[in-house]
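# Summary of the model geometry
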Protein chains: 6
Amino acid sequence: MALIRNVSTFIGFDSEYEEAGIVVFGCPFDGTTSFRPGTRFAPSVMRDESYGLETYSPYLDMDLSDYNLFDAGDLEFPFGNTKKVLDIINSFTLKIVEDKKIPIMIGGEHLVTLPVVKAVYDEYKDLHILHFDAHTDLREDYMGEELSHATVIRRIWEFLGDDRIYQFGIRSGERQEFEWAKKHTKLNKFNYDGLEEAIKEIGKKPVYVTIDLDVFDPSIFPGTGTIEPGGISFSDMMHIMNLIKSLNIVGADIVELSPHYDRSGTSTAVACKVLRELTLAIIAEKQS
Amino acid sequence: MALIRNVSTFIGFDSEYEEAGIVVFGCPFDGTTSFRPGTRFAPSVMRDESYGLETYSPYLDMDLSDYNLFDAGDLEFPFGNTKKVLDIINSFTLKIVEDKKIPIMIGGEHLVTLPVVKAVYDEYKDLHILHFDAHTDLREDYMGEELSHATVIRRIWEFLGDDRIYQFGIRSGERQEFEWAKKHTKLNKFNYDGLEEAIKEIGKKPVYVTIDLDVFDPSIFPGTGTIEPGGISFSDMMHIMNLIKSLNIVGADIVELSPHYDRSGTSTAVACKVLRELTLAIIAEKQS
Amino acid sequence: MALIRNVSTFIGFDSEYEEAGIVVFGCPFDGTTSFRPGTRFAPSVMRDESYGLETYSPYLDMDLSDYNLFDAGDLEFPFGNTKKVLDIINSFTLKIVEDKKIPIMIGGEHLVTLPVVKAVYDEYKDLHILHFDAHTDLREDYMGEELSHATVIRRIWEFLGDDRIYQFGIRSGERQEFEWAKKHTKLNKFNYDGLEEAIKEIGKKPVYVTIDLDVFDPSIFPGTGTIEPGGISFSDMMHIMNLIKSLNIVGADIVELSPHYDRSGTSTAVACKVLRELTLAIIAEKQS
Amino acid sequence: MALIRNVSTFIGFDSEYEEAGIVVFGCPFDGTTSFRPGTRFAPSVMRDESYGLETYSPYLDMDLSDYNLFDAGDLEFPFGNTKKVLDIINSFTLKIVEDKKIPIMIGGEHLVTLPVVKAVYDEYKDLHILHFDAHTDLREDYMGEELSHATVIRRIWEFLGDDRIYQFGIRSGERQEFEWAKKHTKLNKFNYDGLEEAIKEIGKKPVYVTIDLDVFDPSIFPGTGTIEPGGISFSDMMHIMNLIKSLNIVGADIVELSPHYDRSGTSTAVACKVLRELTLAIIAEKQS
Amino acid sequence: MALIRNVSTFIGFDSEYEEAGIVVFGCPFDGTTSFRPGTRFAPSVMRDESYGLETYSPYLDMDLSDYNLFDAGDLEFPFGNTKKVLDIINSFTLKIVEDKKIPIMIGGEHLVTLPVVKAVYDEYKDLHILHFDAHTDLREDYMGEELSHATVIRRIWEFLGDDRIYQFGIRSGERQEFEWAKKHTKLNKFNYDGLEEAIKEIGKKPVYVTIDLDVFDPSIFPGTGTIEPGGISFSDMMHIMNLIKSLNIVGADIVELSPHYDRSGTSTAVACKVLRELTLAIIAEKQS
Amino acid sequence: MALIRNVSTFIGFDSEYEEAGIVVFGCPFDGTTSFRPGTRFAPSVMRDESYGLETYSPYLDMDLSDYNLFDAGDLEFPFGNTKKVLDIINSFTLKIVEDKKIPIMIGGEHLVTLPVVKAVYDEYKDLHILHFDAHTDLREDYMGEELSHATVIRRIWEFLGDDRIYQFGIRSGERQEFEWAKKHTKLNKFNYDGLEEAIKEIGKKPVYVTIDLDVFDPSIFPGTGTIEPGGISFSDMMHIMNLIKSLNIVGADIVELSPHYDRSGTSTAVACKVLRELTLAIIAEKQS
């Protein structure tokens, strides 16, 4: 044991900022959560529990310890002021992108995706989005608020425009949201059937991957605010990772783990493994 | 906020009794539960949690808010007197049936199905039963008691007779129960393979659907008294709903949710969604 | 069972608004909670659990069922917009006060006390505050935000001024808060030693009582966001109720129950009993 | 390890029936529980957890391993038939009493005390009762039922008559129950102030001690169906044990532990220690 | 109820040692568990919960109550001395094997498999192993320790040698472990694809089956120390049981249930059912 | 947010090793725990939860942020090898003591106190011990093992000798342990009555303070392996801290928090506050 202050990072994220090509950071914000709050605890619980994970992936036959990865810890937010929080996230992501590194953000609720995508979009104007989620997140507003976990993809659409957003696993929303999606996004109900075609369409254009973990079936991921039975399995996700590893991913996030709703720790373990596989999938394309 | 007393109903069940075609009511009874009690809490927990649900079903492309649905709340029972409880339930259901409305009962343990079916049978003598369950529920008695969650289908058979009861998903029981079933019911072990044939056989005769939620695999539904691994998935149930929506359903129930055994809330969310889909499936046939 | 829509109120709060002298309402807001959110669930959980409570108090020998009490349910809030929430609360309280009724508000986090006190103060300019809490809540701002559970008493002081606020049970805060209190409030560390003297000083002037339930020791009240061992006992609180029943209380609240952190239900049971005793204590003075 | 079938008893209860002077047995019944069921699990959980306990009491300086004590396990009951259950308990207790042994019964809910006291009363017509409880349990009926946990002491009074029942710790009930008690029992509100006087009055007459564990404050005993803050402490109970060890106790019970409501295990540990101390207190008088 | 000391066995294991052909015993040891301890509680919790299980298997159409089965209870271990624990287990298993009975051991952590297999190997020198697990367990040492749950199969290999060990379901380990396995064991990643071929290769040679229950997907089995999503389903396991029932199984174990991490009881129910089916599968071959 | 790797320390322990006078470190070992393991999680959970704590103590009117304090994180241990673990702890403590700093160790189970005290004793031969605990910990061996949480004070006595060890709060043990203590230690049953006299006797000789947190009553501290009702209150502990702040404390520890047994977080909050107050009490004497 070295006589230095105790360090806490995701397993395998042991490099310094300067040398790292990928930067993970936590956004512990759940301020617009309408049902059950608690996603604020996700990044720190994931760091603690990641030590139950191996750095080696038998799925991709790659090892986190072979790469330079940096964990910046959690951003610090004021409480009760949504706009300030989004500004803090946007500024931090801009710094990462300007330093030519790839941001992987750990939420928090889904609204925190907005300022991250905005920062990545400032660098990559032809950005496309792969959106995995149980919910459409396409409302114009939610109880009068424009900034909400339930409106985040709609807000992103406002600067990306039509045909840039691919949605998978969607199984909950208002009728109007599904109607709206028919014109403006490419929405796959219940599963990820259209993913291979989407990958072909996108080619080597820059892609941002946002994974609302409630896309999983609650049998494997009960630790989230709004439970939606009927989602994808863990094997499905490993298959998805294997597919997207050919894409030019320039940013990503994993949101909506609310660890305390799953005392068994399964949800956190799933989130940690998705983080490992997603990180390796991003690297795979850069190496090939 | 209106200055009237606080009302608590399942989401989308906002009509008054007189105008409603379907009446939901709770039977918070678990007095013969042999293993882990707690189903008494199911209907009130479901009401609270139903607000995490959308009224729109992307499965059936129908919306609860388009129909007149009434939630009568929970019946009030004495404690420790099984017979009185069954009488109270029977009387209430008779009232609903006589008013030409369709009852959907929320248990409670499975025994509460008996007085509901009896009341519906009084109106529809050619009634058939679709029974989804992990257990046969066909014992002659249980530790000497004739009125028990473990005997309920046997009691119903006593007035319905042979070949009226279709059983699906069954994976637990004594050897004698399975033997008995060969002569008197149509029992499908483990799955719902015979459902399509059953639907053909029944045609437009009146049907009562009783769903013991432990028919689900505990991966998706751990919140029940007696855990039986090896059950059906949520997708299976959505498929079942799609099949039975052609039937002339005149009564239904959902029983054996014991919400406190699943602190994640998944089981309650599943039960709420089954209630939504079942309600819409009943309506679908009436509209067609 | 009557064929009307299911009603859910605190036990004993069965009157209509017009006839009631006391109005209870819930403010399910926890948007500035810095540590563990969840107080949003308090009022509805309290309603459900209040049915384990008797309406009769052996402490005061009074019975809730002898009085006209109204439960308005929970106010509905947007998510992520603190200012709008406070406005909604303020408007509703103003209505109650203008109708010459006494508001009892159930939080939510402590910030929701601010708009209630402001509304009561608009009617009673010589208002005094009895503040029971583990924390001083006297910060000028909290991580840059002026509207916070940690600043609420400071904000109230800004319109009430010096010597109107009595604080009891305080055992946590920054050094500067304790210093500031020496000049502007009457702060009792750890216990309620100065309460009898405060009651004498106040006499028949109008009083608002705000009870942050973390004033209790966590042995009897673990269900709160920030645990502070060293608080008062339940017997202490019953003694406090007996003392304040001579005061002219014109408004009150109970805040910071976060029921899901105490799965045993003890904290909710304590909150319900405090609500019963507080309601009866307010009535006691009006009757004498 | 001997090659005999696995035995499970309370720690220190290692004798055979014939040689034992005290017989412990479990009554896992909670059929009339009105709020939260679960006391059926108490005796078996107590057996398992008793192995965290020492057999030696530093309070009484006595050791369970010095005496002949027998654990008969749990009685087996039908489900949903209250009267049959009470008959089974009564018969078993009669056997113990006729064999000149002292029964200590572990509930279950409080109604199971009735058949045990009845059996003991058949042997000792001048029986007195010490009743420790949060609730009066003096209702004439409960929702129409005469056999209920809420009526048990009233039922016992019907054969014992006035002035034989001493009640301690009572802090919940309807106004009429408290009124009724003034004429028929000796009721101490909130605490056990009158215990020393009661002991003097009783002298060497036979005594039955019934401890509803909700007499404890929920800070030390949250694991029960109906939480009533304001109860006695563990030190109080140890003091009570020290006082009653001079009495001629001919039967006793401990009821209303519902272990799953207290996941920390504190309530079960308290119940186990009360069982140890109560057993030793009964022996103490026999030895002196 | 007989007046003998309370007996606690797995349901259906009601015979005496002498007449039984199969002996179940518990090894409540978790001393080298690196992440979350608690498997020590597995055998006693399984005994208690097994009473929610039927003795009849609708999968195999066999009934535990038709056979002579003995439950020896749990071995007693010192704490903190790994070697002594392994010696105690080894001695006890040797006794069973020498008495020509088949041992089924319930862990505890996976290290306890080592002394059991060693004892069985002493009797059957051509022993083969079927190993179901999420982890390879093939490390040379774990943080310097040779005796560890992470090295147990490597230790067994040291006396069994190459090509005797078949591994299924493996999805976690260090890269070196997977490399090592290529030369020394037959490792199936993720699933049990090679099982039918293995069964053919083994023929009627003696087989030991070791089931680390984390081979299951955590959706159906979250109650274990190290969660590894991506495992097999319950139906898969029933299929495996059906396949191996033709083998000459001379010993078996079920390890790594940590029941308190799954409060719903699903994991324990799964473990109990696997024990039932595994026992019946062993018998099936002996009868044929 | 600085772009350095994420640091995790107890709140207020922000200095570097070289400048610090006090060094905190964690010993996450529970290898000899006989009942319920889990103390291994204590130090890291305490670090995470310490951010709900203020650095300012209203009890002592001192602030952690005024002093140089270092948190070394957790020592890393092999699993299943008790002796190696104790050696690692001893070596690390020797380094601290040789650097003239004061060690405060966070367990882990109580056995980890042995190597810390041994290291401190090597520097201070006239060391005295203040031992706060529910248990005597004076067994000669525990199930044959000399190194155990149940023998730790006996092992310490072997090098310290008679009359150096003061024990407080003791309420559980075997009769022989209490007998042995009469000759060799100064044991106070149940409370800390003899503390003031002990302080006088010790004067300015070096003192080591070991606090087994189960000395607390489980009402305020249920989060420990072996629950012993009848302990001291939080106010008692604050009083103890105020008394011992005059002593020349040269080492200290806090052991036996098992955080997962108390899901409310109360036990962890208590442990954090004890750590704060103990640290400040140690400093108080150095400053005076």
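Above this text you will find the structure in question.
All of these numbers come straight from a predicted model, not from anything done at the bench. Every residue gets a number counted from 1 within its own chain, in the order that chain's sequence is written. Chains carry letters and ligands carry numbers; both start at the beginning, A for chains and 1 for ligands, and go up in the order they are written. Whole-chain, interface and lining totals are the exception, using all residues; otherwise, since this is a predicted model, local features are given only for residues with pLDDT of at least 70 and side-chain atom pairs are given and counted only at 80 or more. The side-chain numbers reported here are obtained from all heavy atoms of the structure, hydrogens and water having been left aside.

Here we take up the overall build of chain A. Each helix is a run of DSSP H or I of at least 4 residues and each strand a run of E of at least 2, with the numbering of both proceeding from the N terminus. Each helix and strand in chain A was counted, giving eight helices and ten strands. In this treatment the radius of gyration is a C-alpha quantity, and the globule benchmark scales as 2.2 Å times the residue count to the 0.38 power. For chain A, whose C-alpha radius of gyration is 17 Å, the value lies close to the compact-globule estimate of 19 Å for 288 residues. With the principal axes as the frame, chain A shows a C-alpha extent of 60 × 40 × 40 Å. To sort residues, take the accessible area from a 1.4 Å probe on protein chains only and compare it with the maximum for the residue type: under 20% means buried, over 50% means exposed, and anything in between is partly exposed. Counting only residues that meet the buried cut, chain A has 70% of its 288 residues in that class. Contacts were defined at the residue level, with two residues in contact if any of their heavy atoms lie within 4.5 Å. Look at the contacts in chain A between residues 6 or more apart in sequence, and 77% of them connect residues 24 or more apart. Each accessible area value is a Shrake-Rupley result obtained with a 1.4 Å probe; residue values ignore everything except the protein chains displayed when judging cover. Surface summary for chain A: the accessible area is close to 8,900 Å², and the carbon and sulfur share equals 47%. Averaged over its 29 positive side-chain charges, chain A has a centre that lies 4 Å from the centre of its 47 negative ones. Charged residues are defined here as Lys and Arg on the positive side and Asp and Glu on the negative side; His and the ends of the chain fall outside this count. Lys charges are placed at NZ, Arg charges at CZ, Asp charges at CG and Glu charges at CD.

Our superposition of the copies is a least-squares fit, built on the C-alpha atoms of residues whose pLDDT is at least 70 in both. Mapping chain C onto chain F calls for a screw motion: a turn of 120 degrees about the axis and a shift of 0.0 Å along it, with 0.0 Å RMSD after fitting. On the angle and the small slide along the axis, the relation comes out as a three-fold axis. For chain C, the residue whose C-alpha comes nearest the rotation axis is C:S219, separated from it by 2.9 Å. Here only 5% of the contact residues of chain C are again contact residues in chain F; the copies associate through non-equivalent surfaces.

By the element assignment, A:S264 lies in the loop between β10 (248-255) and α8 (266-287). The definition of a polar contact used here is a pair of N or O atoms within 3.5 Å, where within protein one atom must be able to donate a hydrogen and the other to accept one, and adjacent residues in sequence count solely through side-chain atom pairs. Side-chain polar atoms of A:S264 contact the side chain of A:D262, separated by 2.7 Å. A polar contact is formed between the side chain of A:S264 and the side chain of A:T266, at a distance of 2.9 Å. Setting aside residues up to four positions removed in sequence, A:S264 forms contacts with E:R36, E:P222, E:I227 and E:Y261.

Let's shift gears to the relation of the copies chain C and chain A. Note on the copies: chain C fits chain A at an RMSD of 0.0 Å, the axial shift is 0.0 Å, and the rotation between them is 180 degrees. Put plainly, the chains are arranged around a two-fold axis.

A word on helix α6 (residues 195-202) of chain C. Residues and elements named next belong to chain C. Residues of α6 that are buried: L195, A198, I199 and I202. Within α6, the buried residues cover an arc of 100 degrees as seen down the axis, which keeps them to one side. Across from the buried face of α6, at angles greater than 90 degrees, the exposed residues are E197 and K200. Of the surrounding secondary structure, the elements contacted by the buried residues of α6 are β6 (128-132), β7 (165-170), β9 (206-212) and α7 (234-244). Note that the arc is computed from the directions linking the helix axis to the C-beta atoms.

Let us look at the packing of helix α7 (residues 234-244) of chain A against α8(A). All names here are of chain A. The contact between α7 and α8 brings their axes to 9 Å, and the two run at 15 degrees. Here α7 is positioned roughly parallel relative to α8, judged by the angle of their axes. The way α7 lies across α8 gives a crossing that is right-handed. Residue-level inspection shows F234, M237, M238, M241 and I244 of α7 in contact with α8, the latter providing V270, K273, V274, E277, L278 and A281. Taken together, the residues of the contact of α7 with α8 break down into nine nonpolar, no polar and two charged. Fitting a line to C-alpha atoms yields each axis, with helices limited to the stretch in contact; the angle taken between N-to-C directions then spans 0 to 180 degrees. Every angle not falling under 35 degrees, over 145, or within 65 to 115 is termed oblique; those three ranges are roughly parallel, roughly antiparallel and roughly perpendicular. In this scheme the handedness of a crossing depends on how the near helix is turned from the far one: anticlockwise by less than a right angle means left-handed, clockwise means right-handed. Charged residues are taken to be Asp, Glu, Lys and Arg, nonpolar residues to be Ala, Val, Leu, Ile, Met, Phe, Trp, Tyr, Cys and Pro, and polar residues to be all remaining types, Gly included.

On to the interface of chain C and chain A, then. Each partner contributes to the interface: chain C provides 24 residues, whereas chain A provides 24 residues. Defined here as a combined quantity, buried area equals the accessible surface (1.4 Å probe) lost by two parts on assembly, summed across both. When the two sides are added together, the surface that chain C and chain A hide from each other amounts to roughly 1,800 Å², 53% of it contributed by carbon and sulfur. It is C:F79, C:M143 and C:E145 that lose the most area in chain C upon contact with chain A, and together they represent 33% of the buried surface on that side. Across the salt bridge formed by C:K84 and A:E145, the nearest N and O atoms sit 2.7 Å from each other. Seen at the junction of chain C and chain A, the total is ten residue pairs in polar contact (both at pLDDT 80 or more). Split into classes, the residues belonging to the side of chain C that touches chain A amount to nine nonpolar, nine polar and six charged. By convention in these notes, a salt bridge is any Lys or Arg side-chain nitrogen within 4 Å of a carboxyl oxygen on Asp or Glu.

A helix is expected to span 1.5 Å for every residue after the first. Here helix α8 (residues 266-287) of chain D is 22 residues long and its end C-alpha atoms lie 31 Å apart, about the 32 Å a rise of 1.5 Å per residue gives. Counting buried positions along α8(D) yields 20 of 22 residues, so the element is predominantly enclosed.

Okay, the packing of helix α3 (residues 113-123) of chain A against helix α4 (residues 152-160) of chain A next. For any two helices packed against each other, one specifies the inter-axial angle together with the distance between the axes. Residue and element names in this part refer to chain A. At a minimum axis separation of 9 Å, α3 and α4 run at an interaxial angle of 15 degrees. As judged from the angle between their axes, α3 and α4 are roughly parallel. Seen along the crossing, α3 lies across α4 with a hand that is right-handed. Together, T113, L114, V117, K118 and Y121 of α3 and V152, R155, I156, F159 and L160 of α4 make up the contact between the two elements.

Moving on to the interface of chain C and chain F. Each side of the interface is counted separately: chain C has 21 residues, and chain F has 21 residues. Summed over both sides, the interface of chain C with chain F buries roughly 1,700 Å², with 55% coming from carbon and sulfur. Looking at the side of chain C facing chain F, the largest losses of area belong to C:F35, C:R175 and C:P229, adding up to 34% of the total buried there. Residue C:R139 is joined to F:E54 by a salt bridge in which the shortest nitrogen-to-oxygen separation is 3.1 Å. The tally of links from chain C across to chain F stands at six residue pairs in polar contact (both at pLDDT 80 or more). Residues belonging to the side of chain C that touches chain F are distributed by class as follows: eight nonpolar, five polar and eight charged.

This next bit is on the pattern of salt bridges. Under the criterion given, the structure shown has 132 salt bridges over all chains. Residue F:E158 pairs with F:R155 through a salt bridge whose shortest N-O separation is 3.0 Å. Of the two residues, F:E158 and F:R155 both sit in helix α4 (residues 152-160), three residues apart, roughly one turn of that helix. For F:R155, a relative accessible area of 7% gives the class buried. A cluster of three or more residues bridged by salt bridges with shared partners is formed by A:E54, E:R139, E:E174 and E:E177.

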